[in-house]
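Close look at the chain arrangement
Here is what each chain is made of, one letter per residue.
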Amino acid sequence: MLVDGEARFVSERRRFHTALLASGVLTVSDNGVASNADSGSKASKAYALHIAKMLNSETGVRRLAGQTSGGQFEQLCADFLSATFPRLEHLRPGNWTIRKIGGRGPGAGVAQYEQYRHLVELTRAVEENPSLRTVLGNGYAIAPDVVVSRAPVADDEINTPALLVDGSVATRASLRAAVQPQEILHAVISCKWTLRSDRAQNARSEALNLIRNRKGRLPHIAVVTGEPTPARISSLALGTGDLDCVYHFALPELIDAVQADGGGDTAELLDTMIQGNRLKDIADLPLDLAV
């Protein structure tokens, strides 16, 4: 619901949090443990409960199974981007598609996009000659959570202001539908409701595989997480070279939770990530994708 005079991104951020609560992804048990908390960590439980209370979570709601909550979180992140990024068409025009990738089959990965279409032939070669797998590994099999892609543009649209291209020039430009039909991968979003060491490394591995296997422009590579513990977030956010940035599902609320718990070294770590442009709120993501 849009409140009069309220910024659109404020209302969509609230709608995103409401959906997390309504779907059972974000819950609080009868004994006060939020669904994104590590029950073995006092700090994790404190931060997660504080965030949940700020987002008006009720206690006693049934918690979804881990795999189910992960898939639902991915869908809700895709829904949030679908409700916000297209609003920036005046800043980043284009025919955009935002979707959650379902499954892990041959059609689910990045090979359907222009920069990675050569991976179709690579997959076919490995299927015909399994011994190649020992040499190539499986780094080419990339199936992201949420993707943003742009359709190639017809020459009539390119030539709207004047005759800019014809059949004799720019004959290999990826943006031209007359040259190639595949959508262009604009962004890959990895969605992690919580972060454990293995999940953090999976996101980094996927990012590095996207970088190494592309032919053409590198898409934006980002992670959205609901992890309440700054130390675990830092396993992804600190460092550069693979991920653009990590986005938290409720960063202002996390900052408030850490301050309420006394701040200290944890507050300093959180500030380091924020001031270093390595950690942002999910509301920042659509604007960053418009760059």
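Up top you'll find the structure we're talking about.
Residues numbered from 1 in each chain as written. Predicted model: local features only at pLDDT ≥ 70, side-chain atom pairs only at ≥ 80, totals over all residues. Heavy atoms only, no water.

Considerations on the pairing of strand S4 (residues 220–225)
A regular strand places its side chains so that they alternate between the two faces of the sheet. Filter applied, for reference: Exposure categories follow from relative accessible area, calculated using a 1.4 Å probe and restricted to protein chains: below 20% of the type maximum is buried, above 50% is exposed, and the middle band is partly exposed. Counting from the N terminus, the helices are DSSP H or I runs at least four residues long and the strands are E runs at least two residues long. A strand pair is defined by DSSP finding two or more bridges across the two strands. The definition of a right-handed crossover adopted here requires that, viewed with the strands pointing away, the path from the first strand over the helix to the second runs clockwise.
Along S4, 6 of the 6 residues are buried, which leaves the element largely enclosed by surrounding structure. Burial along S4 is two-sided: the face carrying His220, Ala222 and Val224 and the face carrying Ile221, Val223 and Thr225 are both buried. Bridging between strand S3 (residues 184–192) and S4 involves 6 bridges; their strand directions are parallel. In the sheet register, Cys191 faces S4, and the bridge partner there is Val224. Here S4 pairs with strand S5 (residues 245–248) via 4 bridges, running parallel. Its bridge partner lying in S5, Thr225 is registered against His248. Regarding topology, helix H8 (residues 230–237) serves as the crossover connection from S4 to the parallel S5, and that connection is right-handed.

Some words on the nonpolar core
Note the cut-off: Nonpolar cores are built from buried Ala, Val, Leu, Ile, Met, Phe, Trp, Tyr and Cys residues. Side-chain atoms within 4.5 Å join them into one set.
If you look at the biggest cluster of nonpolar residues, it comprises 72 residues, and the most contacted ones within it are Phe16, Leu20, Phe73, Ile189 and Phe249. For this core, the leading source of residues is helix H3 (residues 66–84), giving 6 residues.

Quick word on the pattern of salt bridges
Cut-off, in case you're wondering: A carboxyl oxygen of Asp or Glu within 4 Å of a side-chain nitrogen of Lys or Arg is what we treat as a salt bridge.
Following the criterion strictly, the structure yields 10 salt bridges and no others. Here Arg232 ties to Asp38 by a salt bridge, and the two come within 2.7 Å at their closest N and O atoms. Remark: Asp38 occurs in the loop between helix H1 (8–23) and helix H2 (42–54) and Arg232 occurs in helix H8; sequence separation between them is 194 residues. The salt bridge partner of Lys280 is Asp288, with a shortest N-O separation of 3.0 Å.

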